[in-house]
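Analysis of the macromolecular model
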Amino acid sequence: MTWDDHSGHADGSAERLVGATADGEDTAVEAALRPKDLAEFVGQAKVREQLDLVLRAARARGATADHVLLSGAPGLGKTTLSMIIAAEMGAPIRITSGPAIQHAGDLAAILSSLTEGEVLFLDEIHRMSRPAEEMLYMAMEDFRVDVIVGKGPGATAIPLELPPFTLVGATTRAGLLPPPLRDRFGFTAHMEFYEPAELEQVIHRSARLLDVEIDAEGAAEIAGRSRGTPRIANRLLRRVRDYAQVRADGVITREIAGQALAVYEVDDRGLDRLDRAVLDSLLRLFGGGPVGLSTLAVAVGEERETVEEVAEPFLVREGLLARTPRGRIATPAAWEHMGLTPPRQPSASARGGPGQPGLFGS
């Protein structure tokens, strides 16, 4: 994958090496790298423990598992966990997404074809249409849907009984789910970003499956630049593997990983070209801010939405940028990371007198 690869995502995230959205290559590789059971799944210790109890109890009762809602950023393993749930319950899985269900009839067709105990994985569930969402309420609670036949005053509702099934919903925007839908899930879990040590385990496991030789320091170097996301870690591993095969002896060491990721413009904190362009403009052109989002986007040469939705979340999470009512400001950590010296704070008289706060509150 290069900077010029495009996969049709409006936000441009999938074309970035450190973008968390999956593209065609990621989907194909992830299928081979996915763990098959909870014991093999790395990270998310609390979620794994809680989910293991839910599934064990359901198997002991001989019942279908409760409906499960998984929330969290892209690339953290929500789809993988849904497949593990089906595998642990010995049930088939049906995979669809919220944007694909635009009418209640679309959902009714899927639900009516489910078999008993089947797992229905509904990705991006918050993007489902409202009529389908309202039909889902009854299906989740009573395992029944009402199919409307006819139009106008002569329309009648025919109840359709459904076999017991387990709905696994995944969302990156849990706050957009209406409370009636959220309340119908028996188990809700939030996926956290991974620690570097956990990502190292993911990288070592993936390297074994991909038949790539990597040492501990090489894995640590890749993990430190993976933004806490397994999908990004696996993508970086593949790109470093390519570099090691072409320009080295095929073994990934810390030095080789650093050289490879320098070629792909991913720095030691996981920032890429876009991230650094945002910080560089904010620091050099605007003295660290505050500056409005639209002005910053023009300076970077990107759309406002790209800066706000693609670059800013990670910069804010890393403590390099802050959103304030007056605009975006750079933190001291941003100046340090970019190797720049912040401008001197104005004197008390220039600020309007003693006791007036400066840029960072001093």
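Right above here is the structure, for reference.
In short, a report on the structure.

Scoring rules and cut-offs
Residues numbered from 1 in each chain as written. Predicted model: local features only at pLDDT ≥ 70, side-chain atom pairs only at ≥ 80, totals over all residues. Heavy atoms only, no water. Helix = DSSP H or I, 4+ residues; strand = E, 2+ residues; numbered from the N terminus. Buried < 20%, exposed > 50% of the residue type's maximum accessible area, 1.4 Å probe, protein only. Contact = heavy atoms within 4.5 Å. Areas by Shrake-Rupley, 256 points an atom, 1.4 Å probe, with all protein chains shown as cover. Pairing = 2+ DSSP bridges. Axes fitted to C-alpha atoms, helices over the stretch in contact; angles between N-to-C directions. Salt bridge = Lys/Arg side-chain N within 4 Å of Asp/Glu carboxyl O. Polar contact = N/O pair within 3.5 Å; in protein donor to acceptor, adjacent residues only side chain to side chain.

Let us look at the overall build of the protein chain. Helix and strand content of the protein chain: 15 helices and 11 strands. Residue burial in the protein chain is summarised as follows: out of 362 residues, 45% are buried. Summarising the internal contacts of the protein chain: among those between residues at least 6 apart in sequence, 67% fall at separations of at least 24. Element-wise, carbon and sulfur atoms account for 51% of the exposed surface of the protein chain, whose accessible area totals about 17300 Å².

The subject of this paragraph is the sheet that holds strand S3 (residues 119-123). With parallel pairing, 5 strands are arranged side by side in an open sheet as S2-S3-S6-S1-S7. The strands lining the two open edges of the sheet, one partner per strand, are strand S2 (93-97) and strand S7 (187-190). Sheet twist, expressed as the mean angle between neighbouring strand axes with direction ignored, is 15°. Of the strand pairs in this sheet, strand S1 (residues 68-71) and S7 are connected by 4 bridges, and their pairing is parallel. Note on S7: the bridge partner recorded for Val68 is Phe187. Where helix H2 (residues 45-61) meets the sheet, it contacts S1 and S7, and its direction lies at approximately 165° from that of S7.

Under the criterion given, the structure shown has 18 salt bridges. Across the salt bridge formed by Arg276 and Asp267, the nearest N and O atoms sit 3.7 Å from each other. With relative accessibility at 22%, the residue Arg276 sits in the partly exposed group. Assessed through its relative accessible area of 15%, Asp267 is described here as buried. What you see here is one network of salt bridges that share partners, running through Glu217, Glu221, Arg225 and Arg254.

Here helix H8 (residues 216-223) has its buried residues at Gly218, Ala219, Glu221, Ile222 and Ala223. Backbone nitrogen of Glu217 and a side-chain oxygen of the N-cap are separated by 3.3 Å at the start of H8; the cap is Asp215.

Note the cis peptide between Gly289 and Pro290, where omega equals 10°. Mapped onto the secondary structure, Pro290 falls in the loop between helix H11 (273-285) and helix H12 (293-300). Of note in the backbone geometry, Glu124 takes a positive phi value of approximately 45° without being a glycine. Judged by relative accessible area, Glu124 falls into the buried class, the value being 17%. Not every positive phi belongs to a glycine, and Glu265 is a case in point at roughly 60°. Position of Glu265 relative to the elements: it lies in the loop between helix H10 (254-263) and H11.

Glancing now at the pairing of strand S11 (residues 327-330). Examined bridge by bridge, strand S10 (residues 321-324) and S11 share 4 bridges and lie antiparallel to one another. Paired with Ala322 across the strands is Ile329, a residue of S11. Hairpin geometry of S10 and S11 is characterised by an intervening segment of 2 residues between the two adjacent antiparallel strands.

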